[in-house]
Amino acid sequence: MTDAREVRDKYTAAFNVHDMDALLRTVSPTGVTLSPEGLSQGHEELASYIEQFWEAFPDVYAMVVESFDAGDVVIDELLMVGTHKGPYMMPDGQVITPTGRPVSLRCCYICTVENGLIVSLRLYFDQLELRTQLGFPC
């Protein structure tokens, strides 16, 4: 197991138990996260984004399907599984009120680790797939 893989696995474990302090300990204070929802830099912005996501999907967890390591870069294909129980802001700014619908969203994380901390975390998922699962297809 590479150091990068170990850090990424700690991030996923903290995400799955909704432990923000443990999650942020894996990320550089200047780390950058990119997702369809937007760009965040630093702990404060990342925490705000994840807390909003946890509010929208309070039982969400990430199930790793495949993982690949290439030096300081870790790539994970995963399923994000949860139930929509809170407001969720779509990348276009539309807020979807709770639907109670389950989601099982296929995602890909590309994570770069330097000096034992995540410096770049890019999340990709099919926005149409999420909208459809929430009952709001385009």
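In this text the structure is predicted, and so the values were computed from the model without any measurement.

Cut-off values and rules
- Residues numbered from 1 in each chain as written.
- Predicted model: local features only at pLDDT ≥ 70, side-chain atom pairs only at ≥ 80, totals over all residues.
- Heavy atoms only, no water.
- Helix = DSSP H or I, 4+ residues; strand = E, 2+ residues; numbered from the N terminus.
- Rg over C-alpha atoms; globule rule 2.2 N^0.38 Å.
- Buried < 20%, exposed > 50% of the residue type's maximum accessible area, 1.4 Å probe, protein only.
- Contact = heavy atoms within 4.5 Å.
- Areas by Shrake-Rupley, 256 points an atom, 1.4 Å probe, with all protein chains shown as cover.
- pLDDT = per-residue confidence, 0-100.
- Pairing = 2+ DSSP bridges.
- Axes fitted to C-alpha atoms, helices over the stretch in contact; angles between N-to-C directions.

### Focus on the overall build of the protein
So, step 1. Tallying secondary structure elements over the protein gives four helices and eight strands in all.
So, step 2. Across the protein, helices and strands are ordered from the amino to the carboxyl terminus as α-α-β-β-α-β-β-β-β-β-β-α.
So, step 3. Its C-alpha atoms give the protein a radius of gyration of 14 Å, near enough to 14 Å, the size a compact globule of 138 residues would have.
So, step 4. With respect to the three principal axes, the spread of C-alpha positions in the protein is 40 × 30 × 25 Å.
So, step 5. Every one of the 138 residues in the protein was classed for burial, and the buried ones make up 43%.
So, step 6. Once local pairs closer than 6 in sequence are excluded, the contacts in the protein between residues at least 24 apart make up 57%.
So, step 7. Of the roughly 7,100 Å² that the protein leaves accessible, carbon and sulfur atoms contribute 55%.

### Focus on unusual backbone geometry
When glycine is set aside, most residues are seen to have a negative phi, and most peptide bonds are trans.
So, step 1. With phi around 60 degrees, His18 is a residue other than glycine that occupies positive phi space.
So, step 2. Mapped onto the fold, His18 is located in the loop between helix H1 (3–16) and helix H2 (20–24).
So, step 3. Residue Asn115 is not a glycine yet carries a positive backbone phi of 55 degrees.
So, step 4. Positionally, Asn115 belongs in the loop between strand E7 (102–114) and strand E8 (117–125).

### Here's the deal with the confidence of the model for the protein
So, step 1. For the protein, the mean per-residue pLDDT works out to 94, and 99% of the residues sit at or above 70.
So, step 2. Mean pLDDT per element in the protein: strand E5 (residues 88–89) is the minimum at 90, and H2 is the maximum at 98.

### Focus on the sheet that holds strand E4 (residues 73–83)
So, step 1. In space, the six strands of this open sheet follow the order E2-E1-E8-E7-E4-E3, with mixed pairing throughout. The open sheet has two edge strands, strand E2 (38–41) and strand E3 (61–70), and neither has a second partner. Taken over all neighbouring pairs, the strand axes of this sheet differ in orientation by 15 degrees on average, direction set aside.
So, step 2. Judged from the nine bridges that link them, E3 and E4 form a sheet pairing that is antiparallel. Counted as the bridge partner of Val64 is Leu78 from E4.
So, step 3. Along the sheet face, H1 touches strand E1 (27–35), E3, E4, E7 and E8 and points at about 170 degrees away from the line of E3.
So, step 4. Of the strands in this sheet, E1, E2, E4 and E8 are in contact with helix H3 (residues 42–56), which crosses E1 at around 50 degrees.

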